[in-house]
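Remarks on the overall topology
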Amino acid sequence: MTVLGPGDIVGLVNSTYATDLFVAVVTEFDIFTRLAEREATTARQLSEMLEIDERGADVTLTYLAALGLLERLPGGAVRVAEPAARYLQADSSIDLRHYARTVSTRPGCREVGQVLRTGQPAPWESDGDDWINRMSEKEFADSFAAAMNARGAYLSPALGEVLSAIGVVSRILDIGGSSGIYACSLVQALPGTTAAVLDLPSVVDFTRESIAARGLSDRVDAIGGDMFGELPSGFDLHLYSNVWHDWDAESIGKFAAASFAALPPGGVLVDHDMHLDDTKSGPLRQAEFSVRMMLKTAGKCYSTPELAEILGPIGFEDVHLRPTTAGYSALVARKPA
Ligand SMILES: C[S@@+](CC[C@H](N)C(=O)[O-])C[C@H]1O[C@@H](n2cnc3c(N)ncnc32)[C@H](O)[C@@H]1O
């Protein structure tokens, strides 16, 4: 009998989107037949070949590499791996593209095609607006924060444990902190610390109630604001948990620059998320989550080298990854002392 843990259950939910992407790229875009025409293909070349968005092409290559259907080559290009050559392209002796076509007209697969072609995120649910526009609706914001809170309940203690080893911290700013579950776990793991959660004005009532329900209103504040603006000073650790995967590299650069400006010398920046491995060939659960983020937000999951490339020029040093639990990790960087 398989026993699923919370990370597996969340992974199962996230993977529904990845299966839709697999079917769409095999049937609508015949991706392996096209890739087999070339020795090696980069995400940019794939986007030109299939006339799709480059972010979508990048996320697709990572997911197919994580499935073992593509091989990642030194330098980052890919080539078709044996199982795909055998079963998923025009000259395959057993051509399972026919089988994939039996589910290819599902709305989810059509939605993937649309996002890949336009580069625009799909509605959060099957219709309506995308998630960030819906965050101004109180009912949607509350249900979204409840989802983040549930996930944070099993992820945040492990983050607290990992961050308790990084040295002296006194004031934590949890940016895009939603219910405040991470801020609460961190103040409990780091004795003597206090925290503030910065999130959209439509979210912070939920944040305050959640913090009060945990009995931590004396140590954790909630601030309604906009993380795209200037960040408050007076905090020596900035946490972005599950935030950067919603945004493109340019926005992440803005967040990191705002943090660099607001942190004191020696201040710590933490990005808690599902990160891809350094070659962007997996792991599978992270690659599946990246597909969901690509389809529903302006973002995707990032690798440590991709984030180091953004943080280094801003001035952050010692960028490194610390695994937490259930496929999550904390990317930690420091403003020079
Ligand atoms: C995916 S959730 C992550 C929540 C939480 N940190 C976690 O790890 O579960 C992203 C959060 O960013 C917040 N957010 C989005 N845009 C924002 C903005 N411009 N300013 C402040 N918060 C924002 C959302 O309201 C949401 O709570």
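A quick note: this is a predicted structure, and the numbers were derived from the prediction, not measured.

1. A closer look at the pairing of strand S3 (residues 171–175)
Side-chain direction in a regular strand flips from residue to residue, so the side chains alternate between the two faces of the sheet. Most of S3 is tucked away: 4 of the 5 residues are buried. Two strands pair when backbone bridges link them, and S3 and strand S4 (residues 194–199) are joined in this way by 5 bridges, in the parallel orientation. When the sheet's bridge partners are listed, Ile-172 is paired in S4 with Ala-195. Strand direction decides the pairing type here: S3 and strand S6 (residues 237–241), joined by 4 bridges, are parallel. Note that in S6 the partner of Ile-175 across the bridge is Tyr-240.

2. Things to note about the domain arrangement of the protein
When the parts of a complex come together, some accessible area is lost, and that lost area is often used as the size of the interface. Along its sequence, the protein is carved into domain 1 (6–120) and domain 2 (132–286 + 293–334). Computed over C-alpha atoms, the centres of domain 1 and domain 2 are 30 Å apart. Both sides together, the interface formed by domain 1 and domain 2 hides about 1700 Å², and carbon and sulfur atoms give 66% of it. As a salt-bridge pair, Asp-58 and Lys-300 come within 2.5 Å of each other at their nearest N and O atoms. Considering each element in turn, the side of domain 1 that touches domain 2 owes the most residues, 9 residues, to helix H1 (residues 6–27).

3. Details of a nonpolar patch on the surface
On the surface, Leu-4, Ile-9 and Leu-12 cluster together into a nonpolar patch covering about 270 Å² of accessible area. If you trace the backbone, Ile-9 turns up in helix H1.

4. Details of the packing of aromatic side chains
Under the definition given, this model contains 9 aromatic pairs. Seen in terms of ring centroids, Phe-228 and Trp-247 are 5.0 Å apart; in terms of plane orientation they differ by 80°. Their pairing is edge-to-face. Residue Phe-228 is located in the loop between strand S5 (220–224) and S6, and its partner Trp-247 is located in the loop between S6 and helix H12 (249–262); the two are separated by 19 residues in the primary sequence. Assessed through its relative accessible area of 40%, Phe-228 is described here as partly exposed. Ring-pair connections join several aromatic residues into one group, and the members of that group are Phe-228, Tyr-240, Trp-244, Trp-247 and Phe-255. The ring of Phe-260 is capped by Lys-335, whose NZ or CZ atom sits 4.8 Å from the centre of that ring.

5. Description of the sheet that holds S4
Read from one edge to the other, the open sheet built from 7 strands follows the order S5-S4-S3-S6-S7-S9-S8, with strand pairing classed as mixed. For this open sheet the edge positions go to S5 and strand S8 (317–323), each flanked by a neighbour on one side alone. Sheet twist, expressed as the average angle between the axes of neighbouring strands with direction ignored, equals 20°. Sitting on the sheet, helix H9 (residues 138–163) touches S6, strand S7 (268–273), S8 and strand S9 (329–334), and the angle it makes with S7 is about 150°.

6. A closer look at the UniProt feature "domain: O-methyltransferase C-terminal" (unreviewed entry) in the protein
When the UniProt feature table is mapped onto this chain numbering, "domain: O-methyltransferase C-terminal" (unreviewed entry) sits at residues 139–317. Secondary structure over residues 139–317 splits into 46% helix and 16% strand, and the C-alpha atoms at its two ends are 41 Å apart.

7. Description of the environment of His-238
Its location among the elements puts His-238 in strand S6. For the pair His-238 and Ser-143, spaced 95 residues apart in sequence, the C-alpha to C-alpha distance is 25 Å. Every residue in contact with His-238, bar those within four places of it in the chain, is listed here: Leu-173, Ile-175, Leu-231, Pro-232, Ser-259, Ala-262, Leu-263, Val-268, Leu-269 and Val-270. A polar contact of 2.8 Å, which involves the side chain of His-238, links it to the side chain of Ser-259.

8. Looking at the nonpolar core
The biggest cluster of nonpolar side chains holds 39 residues, and the ones touching the most others in it are Phe-32, Leu-64 and Leu-70. Of all elements in the fold, only H1, helix H2 (31–35), helix H3 (43–50), helix H4 (54–66), strand S2 (78–80), helix H7 (107–118) and helix H13 (284–296) reach the threshold of two or more residues within this core. Tallying contributions element by element places H1 first for this core, with 8 residues. Excluding anything up to four places from it in sequence, Leu-64 contacts Phe-22, Val-25, Ile-31, Phe-32, Leu-69 and Leu-70. Counting residues in each nonpolar core, the second largest holds 34 residues, with Tyr-154, Leu-163, Ala-183 and Leu-216 among its members.

9. Overview of the site of the ligand
Taken together, 19 residues lie near the ligand, and Gly-176, Asp-199, Asp-226, Met-227 and Ser-241 sit nearest. Note that a nitrogen atom of the ligand is positioned 2.8 Å from one of the side-chain N or O atoms of Asp-226. Between the ligand and the protein, one listed contact pairs an oxygen atom with a side-chain N or O atom of Ser-241 at 2.7 Å. When the ligand is considered free in solution it has 590 Å² of accessible area, and contact with the protein chains removes 97% of it. The biggest single contributor to the shell around the ligand is H9, with 3 residues. Taken together, the residues of the shell around the ligand break down into 9 nonpolar, 6 polar and 4 charged.

Definitions and cut-offs
Residues numbered from 1 in each chain as written. Predicted model: local features only at pLDDT ≥ 70, side-chain atom pairs only at ≥ 80, totals over all residues. Heavy atoms only, no water. Buried < 20%, exposed > 50% of the residue type's maximum accessible area, 1.4 Å probe, protein only. Helix = DSSP H or I, 4+ residues; strand = E, 2+ residues; numbered from the N terminus. Pairing = 2+ DSSP bridges. Domains from an automatic or database assignment. Buried area = accessible area lost by both parts, 1.4 Å probe. Salt bridge = Lys/Arg side-chain N within 4 Å of Asp/Glu carboxyl O. Patch = residues over 30% accessible without salt bridge, like charges linked within 9 Å, V, L, I, M, F, W, Y side chains within 5 Å. Areas by Shrake-Rupley, 256 points an atom, 1.4 Å probe, with all protein chains shown as cover. Phe/Tyr/Trp six-rings, centres within 6.5 Å; stacked < 30°, edge-to-face > 60°. Lys NZ or Arg CZ within 6 Å of the ring centre and 35° of its normal. Axes fitted to C-alpha atoms, helices over the stretch in contact; angles between N-to-C directions. Contact = heavy atoms within 4.5 Å. UniProt positions renumbered as here; feature names shortened; annotations may be inferred. Polar contact = N/O pair within 3.5 Å; in protein donor to acceptor, adjacent residues only side chain to side chain. Core = buried A, V, L, I, M, F, W, Y, C linked by side-chain atoms within 4.5 Å. Near = heavy atom within 4 Å. Nonpolar A, V, L, I, M, F, W, Y, C, P; charged D, E, K, R; others polar.

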